[in-house]
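Fold and contact review
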Amino acid sequence: ETFDATGLHLLPGAIDAHVHYREPGYTHKEDWRTGTAAAAMGGVTTVFEMPNTNPPTATVEALRLKQKAAEKAYVDFGLYGLLAEDNLDQLEALIEGGVAAFKCFMGNTFGNLPSPSTGAMLEGFEIIARHGLRISLHAETASIMALRQKKLMEAGRTDPLAHLASRPAVVATEAVSRAAVLAEWTGARIHILHISSGDELRPLRDAKARGVDITGETCPHYLLFDENAYTDLGPIIRVNPPVREKHHQRALWEGLKDGTIDMIATDHAPHDPEEKTREVIWRADCGFPGVETQMALMLTQVNAGSLSLTDYVRLSSTAPAKAFGLFPHKGALVPGSDADIAIVDLGRRETIRAEALHSRGKITPFEGFEVVGVPVHTLVRGRFVMRDRKLIEEATGWGLSVTRVQAMPKPEPRHVDETTAAITGGKSGQAGSS
Ligand code: NCD
Ligand code: ZN
Ligand code: ZN
């Protein structure tokens, strides 16, 4: 059996810092098998999975349930623990139990998790800072958003644009600033999820200039859609935070290029078709799948000249590896060198078809998008999980928690020259070291 990679490009597998796999609790939307199959098909070799499942990953017992569910994974994964008002006494145990990072919902979201008070956040940041794990924030202010939405509903707004009106961009800057202050105070490392506006870049830049260990992500939907999507797509485009006006989209592209935004994640948030295609915007669930389409969509942007291939690799792999302590990437010298690889065909054309997606949530705003540049093979720690655009079914269960992979003994490279030492910054990454 031969393997021919003539004409293909070899990239480090993408690391998606933001996916929702819904198991346990909402497996009619997604589960760990379908969710990680979608990752494998998308050239994504590591995902960080969010805690707004049922039960939420707020206790060690809940973490055990999620670890059990994740035994089906095709790709490696980090599990997010929840930082909430009422689980501060669980944070140490969650770290001990193997969470890779924490998530704090400052804004309301799927699963109805109440957002913690600033006091609880401060205490949580202090505890987590001692262990060096990163805290990812859904940076919207729940009280303001809820009030605003209530008013719009009372006014009888049912049009899709009402969703955008309910969550003004400038308000998100309040949450980003507050999180950055708490991080500056406690020394916590933080990450701003799903940046949707140019406004949020101001407090992000400011915090970086002050020396706060803060990173930020945006998602393909904010880069590729603007306010016209509400007319074109209706309730399907409903996502938190909302897709915004053209000038915000332009600011996000700028932010990617000047380094203010560190990475691209997907906020893969599948829902049942029936839950997405409601006639009234307020009744449509927020979010849509993304982990399977990210690489093809962004390689299409590379082909169009909007982004260099080098920048894409930094945004999709190197930056998340560094931010979440996988650098040196799970013991490798540079991301991908532990054979977490996406082999891509930069010239291949395809049309995104929702029904062909491996995710259980079949409704995507990217339906019908023509892409140029697709992952054709995916390897996780040297093993094919996708080959010739086909899922390797038997590879279910090959995916491991990144905290476990990092604990495995690594062969020492025999010759580490000065250049390599400079790239890897000496020896070990962030996670595990405190
Ligand atoms: C996410 C979900 O459905 O879990 N939805 C979304 O609109 N982004 C939750 C979230 O990331 O806030
Ligand atoms: Zn969110
Ligand atoms: Zn999310």
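Look a little higher up for the structure.
Report follows, based on the coordinates. Note that residues are indexed from 1 along each chain, following the sequence as it is written. Labels are handed out in written order, letters beginning with A for the chains and numbers beginning with 1 for the ligands. It should be noted that, the model being predicted, local features are given only for residues of pLDDT at least 70 and side-chain atom pairs only at 80 or more, the latter also being counted only at that level, while totals for whole chains, interfaces and linings use all residues. Hydrogens are left out, water is left out, and the side-chain values use all remaining heavy atoms of the structure.

Put simply, helix α13 (residues 294-303) and helix α14 (residues 309-323) touch, their axes get as near as 9 Å, and they point 150 degrees apart. Between α13 and α14, the interaxial angle falls into the category roughly antiparallel. Judged by the sense of rotation from one axis to the other, the crossing of α13 with α14 is right-handed. Residue-level contacts link Q294, M295, M298, L299 and V302 of α13 to L309, Y312 and S316 of α14. Charged residues are taken to be Asp, Glu, Lys and Arg, nonpolar residues to be Ala, Val, Leu, Ile, Met, Phe, Trp, Tyr, Cys and Pro, and polar residues to be all remaining types, Gly included. Looking at the contact of α13 with α14, its residues break down into six nonpolar, two polar and no charged. Each axis is a line fitted through C-alpha atoms, and for a helix only the stretch in contact is used; angles between axes span 0 to 180 degrees, taken between their N-to-C directions. Where helices and strands are cited, they refer to DSSP runs of H or I of at least four residues and of E of at least two residues respectively, numbered from the N terminus. Roughly parallel means an angle under 35 degrees; roughly antiparallel, over 145; roughly perpendicular, 65 to 115; everything else is oblique. Take the far helix as your reference; a near helix turned counterclockwise from it by less than a right angle gives a left-handed crossing, and one turned clockwise gives a right-handed crossing. Pairs of residues are marked as contacts when any of their non-hydrogen atoms sit within 4.5 Å.

The term nonpolar core refers to a set of buried residues drawn from Ala, Val, Leu, Ile, Met, Phe, Trp, Tyr and Cys, joined through side-chain atoms within 4.5 Å. In this scheme, a residue with accessible area under 20% of its type's maximum is buried, one over 50% is exposed, and one in between is partly exposed, where area comes from a 1.4 Å probe on protein chains only. Of all hydrophobic cores here, the largest spans 94 residues; its most connected members are V47, F102, F125, I135, L137, I190 and I192. Setting aside its immediate chain neighbours within four residues, I190 contacts F125, R134, I135, L137, A179, A180, A183, D213, I214 and T215.

Any N, O or S atom lying within 2.8 Å of the metal counts as a donor, with the limit raised to 3.2 Å for Na, K and Ca; because water is left out of the atom set, some sites can appear incomplete. Protein coordination at the zinc ion (ligand 2) comes from H138 (ND1) and H194 (NE2), with a distance range of 2.0 to 2.1 Å. Metal sites are grouped by the angles between bound donors: all angles between 85 and 135 degrees with four donors is tetrahedral, opposite donors over 155 degrees apart with the others between 65 and 115 is square planar for four donors and octahedral for six, and any other pattern is irregular. Around the zinc ion (ligand 2), the four donor atoms sit at angles spanning 55 to 144 degrees, and that spread fits a shape best called irregular. A spacing of 3.7 Å is found between the zinc ion (ligand 2) and the zinc ion (ligand 3). Taken together, the residues span a long stretch of sequence, with H138 in strand β6 (residues 134-138) and H194 in the loop between β7 (189-192) and α8 (201-209) at a distance of 56 residues. Side by side, H138 and H194 carry an identical accessibility label, which is buried.

Spatial ordering of the open sheet is given by β1-β10-β11-β12-β13, a layout of five strands whose pairing is antiparallel. On the outer flanks of this sheet lie β1 (9-12) and β13 (390-391), each paired with one strand and no other. Relative to strand β11 (residues 370-380), strand β10 (residues 341-351) runs antiparallel, the two sharing eight bridges. Looking across to β11, one finds that E350 is bridged to V371. Lying over the sheet, α14 contacts β1 and β10, oriented at roughly 35 degrees with respect to β1. When DSSP finds at least two bridges between two strands, those strands are taken to pair.

Time to look at unusual backbone geometry. A cis amide bond, omega 5 degrees, links N54 with the succeeding residue P55. Relative to the helices and strands, P55 is located in the loop between β3 (44-49) and α2 (60-69). Each neighbour pair has its own omega, and for N240 with P241 the value is -15 degrees, a cis peptide bond. Along the polypeptide, P241 turns up in the loop between α10 (228-233) and α11 (246-257). Unlike most non-glycine residues, N112 shows phi in positive territory, near 55 degrees. In this structure N112 comes out as exposed when scored by relative accessible area, which is 69%.

So, about the coordination of the zinc ion (ligand 3). Taken together, H18 (NE2), H20 (NE2) and D267 (OD) make up the full set of protein donors to the zinc ion (ligand 3), lying 2.0 to 2.1 Å away. Around the zinc ion (ligand 3) sit four donor atoms, and with donor-metal-donor angles ranging over 86 to 134 degrees the site reads as tetrahedral.

A word on the packing of aromatic side chains. Note on aromatic contacts: the rings of Phe and Tyr and the six-membered ring of Trp form a pair at centre separations within 6.5 Å, being stacked when their planes are under 30 degrees apart, edge-to-face when over 60 apart, and tilted otherwise. Following the criterion strictly, the structure yields 10 aromatic pairs and no others. Ring geometry for F48 against Y80: centres 6.2 Å apart, planes inclined by 65 degrees, an arrangement best described as edge-to-face. Placement of the pair is F48 in strand β3 and Y80 in strand β4 (residues 76-82), with a sequence separation of 32 residues. The two residues F48 and Y80 agree in class, both being buried.

Right, let's get into helix α7 (residues 169-186). The length a helix should cover is 1.5 Å for every residue beyond the first. When the terminal C-alpha atoms of α7 are compared, their 27 Å separation across 18 residues agrees well with the 26 Å that a helix rising 1.5 Å per residue should span. Considered for burial, the residues of α7 that qualify are A169, V171, A172, T173, A175, V176, A179, A180, L182, A183 and T186. Of the residues one or two after α7, G187 is the one with positive phi, at around 80 degrees.

Salt bridge, as applied in this entry: a Lys or Arg side-chain nitrogen positioned within 4 Å of an Asp or Glu carboxyl oxygen. Tallied over the entire structure, the rule returns 26 salt bridges. Among the salt bridges present, the one from R189 reaches D213, with a minimum N-O distance of 3.1 Å. Separated by 24 residues along the polypeptide, R189 in strand β7 and D213 in the loop between α8 and β8 (214-218) bring together distant segments of the chain. When the shortest N-O distance is used, the salt bridge between R283 and E279 registers 3.4 Å. If you follow the salt bridges from partner to partner, you end up with K29, E275 and D285 in one network.

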